[in-house]
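Per-entry structural report
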Amino acid sequence: MAITVVGSIAFDSVTTPFGERQRMLGGAAVHFALAASFFEEVRVVGPVGEDFGETELDVMRHRGVDISDIERIPGGRTFFWRGKYGWDLNSRETLDTQLGVFEGFQPKLSESSRASEVLFLANIQPDLQREVRAQLPDARFVALDSMNLWIEAARDSLMKAIAQCHCLILNDSELRQLTGKASLFAAAREVLGWGPRVIVAKQGEYGAALVTADGFFSLPAFPLESVVDPTGAGDTFAGGFVGYIAAHSGEALSDELLRQAMAHGTALASFNVEEFGTQRIEHLSGPEIAARVRQLREFTQFSAAPMPLGN
Ligand code: AMP
């Protein structure tokens, strides 16, 4: 089942302890689309400015991403984000966010983008997420991501957007911020009461947890010796997770399927952080992903070995 995604399409300037890059191709929708393209056809919706070139579009074209709903706004500037990481790659500082062409953008989806049965509302203003959601009223699986900025600046709109989705994918700290609950599990259970059936809490280098009405699952991040740039890991995880679900559209959304989707999201995200920006995913192959999923399975399974325990 094809996937439509709306979210930031960006230039990112990033500093990590391992180097610095200026105005790389980035954005939540871009990282998501490149990852999900290993599973299904992906259609990206969103605006870019005159500064966005063919080189950037080619990165998406080469992965077979449908870019016909990327609208170039005359005289506009592409969304820009600047961030800095210290040695703790789990926390980052946002130094600049310029919405550019996203300010006042009104999405007009083509017939093919409206026909997708899977929708990912990647991180962007919740009003915009809702406008896109309204154009795919019959989508069979809708997932949403957001961030602290929108929880603070547009909480009401974000809560309405979440209520219209099947799945919420959010950083653990943001899930706590959104619900005011200290326990991640309690926070996820609270959001399940708002409408979604599936909650994924992203925990950066510690992995991700899945909560459904009657299930819980957790995976660590894939162990890596070298992490260069974590930017986009969350969106790449979402691309693998949602992509896997879209590719198994004929099956019920069982906890077993969701666990497999978690493994694929985790594997994809681990590649993303090995190089700056989208570089690693640009030269990634399907067999490499499959191998990492197999390794992840070996790392995380253990046998039940009952023994008598003392009191
Ligand atoms: P992640 O590391 O997966 O959380 O996402 C990083 C991506 O999010 C970067 O490529 C940024 O361009 C994008 N981003 C940063 N801030 C925002 C924002 N306020 N709204 C939408 N996208 C953003």
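Look above for the structure.
A few points on the structure. (Residues numbered from 1 in each chain as written. Predicted model: local features only at pLDDT ≥ 70, side-chain atom pairs only at ≥ 80, totals over all residues. Heavy atoms only, no water.)

**Observations regarding the site of the ligand**
Quick reminder of the rule: Distances are taken per atom, and a residue is near a molecule or strand as soon as one of its heavy atoms is within 4 Å of it. Within 3.5 Å is the distance limit for a polar contact, defined as a pair of N or O atoms, with the added protein rule that one can donate a hydrogen and the other accept it, and that residues adjacent in sequence qualify only through two side-chain atoms. Computed with a 1.4 Å probe, the accessible areas rest on the Shrake-Rupley method; for each residue, only the protein chains presented here act as cover.
For the ligand, the set of nearby residues contains 19 residues, the closest of which are Ser8, Asp12, Gly27, Gly232 and Asp235. Between Arg92 and the ligand, the recorded distance is 2.9 Å, taken from a side-chain N or O atom to an oxygen atom. Separating an oxygen atom of the ligand from a side-chain N or O atom of Asp235 is a distance of 2.7 Å. The fraction of the free accessible surface of the ligand (510 Å²) that becomes covered by protein chains is 94%.

**Some thoughts on helix α1 (residues 28-36)**
Note the threshold: Using a 1.4 Å probe on the protein chains alone, a residue whose accessible area is under 20% of its type maximum counts as buried, one over 50% counts as exposed, and one in between counts as partly exposed. The secondary structure listing takes helices from DSSP runs of H or I that are at least 4 residues long and strands from runs of E that are at least 2 residues long, numbered from the N terminus.
Of all nine residues in α1, nine are buried, a share of seventy percent or more. Listed as buried for α1 are Ala28, Ala29, Val30, His31, Phe32, Ala33, Leu34, Ala35 and Ala36.

**Structural notes on helix α7 (residues 172-179)**
How we decide: When we speak of the arc, we mean the arc of directions from the helix axis to the C-beta atoms. Contacts: residue pairs with any heavy atoms within 4.5 Å of one another.
Buried residues of α7: Glu174, Leu175, Leu178 and Thr179, and no others. On an axial view of α7, the arc spanned by its buried residues comes to 120°, and they lie on one face. The elements touched by buried residues of α7 are α5 (148-153), α6 (155-163), β10 (167-171), α8 (184-192) and β11 (198-202). At the C-terminal side of α7, Gly180 shows a positive phi close to 70°.

**Overview of the packing of helix α10 (residues 255-272) against helix α12 (residues 286-300)**
The test is simple: Axis definition: a line fitted to C-alpha atoms, limited for helices to the stretch in contact. Angles are taken between N-to-C directions and run from 0 to 180 degrees. Handedness of a crossing is defined here by the sense of rotation of the near helix relative to the far one, left-handed for an anticlockwise turn of less than a right angle and right-handed for a clockwise turn. Only Asp, Glu, Lys and Arg are considered charged, only Ala, Val, Leu, Ile, Met, Phe, Trp, Tyr, Cys and Pro nonpolar, and every remaining residue, Gly among them, polar.
Running from N to C, α10 and α12 cross one another at 115°; their axes reach a closest spacing of 9 Å. Remark: the crossing between α10 and α12 carries right-handed chirality. Contacts between α10 and α12 involve Ala263, His264, Thr266, Ala267, Leu268, Ser270 and Phe271 on the former and, on the latter, Glu288, Ile289, Arg292, Val293 and Leu296. Residues belonging to the contact of α10 with α12 are distributed by class as follows: seven nonpolar, three polar and two charged.

**Some remarks on unusual backbone geometry**
Look at Arg23: it is not a glycine, yet its phi comes out positive at around 45°. Within the fold, Arg23 resides in strand β3 (residues 19-26).

**Thoughts on the sheet that holds strand β13 (residues 215-219)**
The line we're drawing: A pair of strands is considered paired only if DSSP assigns at least 2 bridges between the two.
Spatially, nine strands are ordered β5-β4-β1-β8-β9-β10-β11-β12-β13 in an open sheet, and the strand pairing comes out mixed. Each edge of the open sheet is held by one strand with a lone partner, namely β5 (66-72) and β13. With direction set aside, neighbouring strand axes in the sheet form an average angle of 15°. Looking at chain direction, β10 and β11 are connected through five bridges and run parallel. Considered in β11, the bridge of Asn171 is made with Lys202. Of the strands in this sheet, β1 (3-6), β8 (118-121) and β9 (141-145) are in contact with helix α4 (residues 126-135), which crosses β8 at around 170°. Sitting on the sheet, α8 is in contact with β10, β11, β12 (208-212) and β13, with an inclination near 45° to β12.

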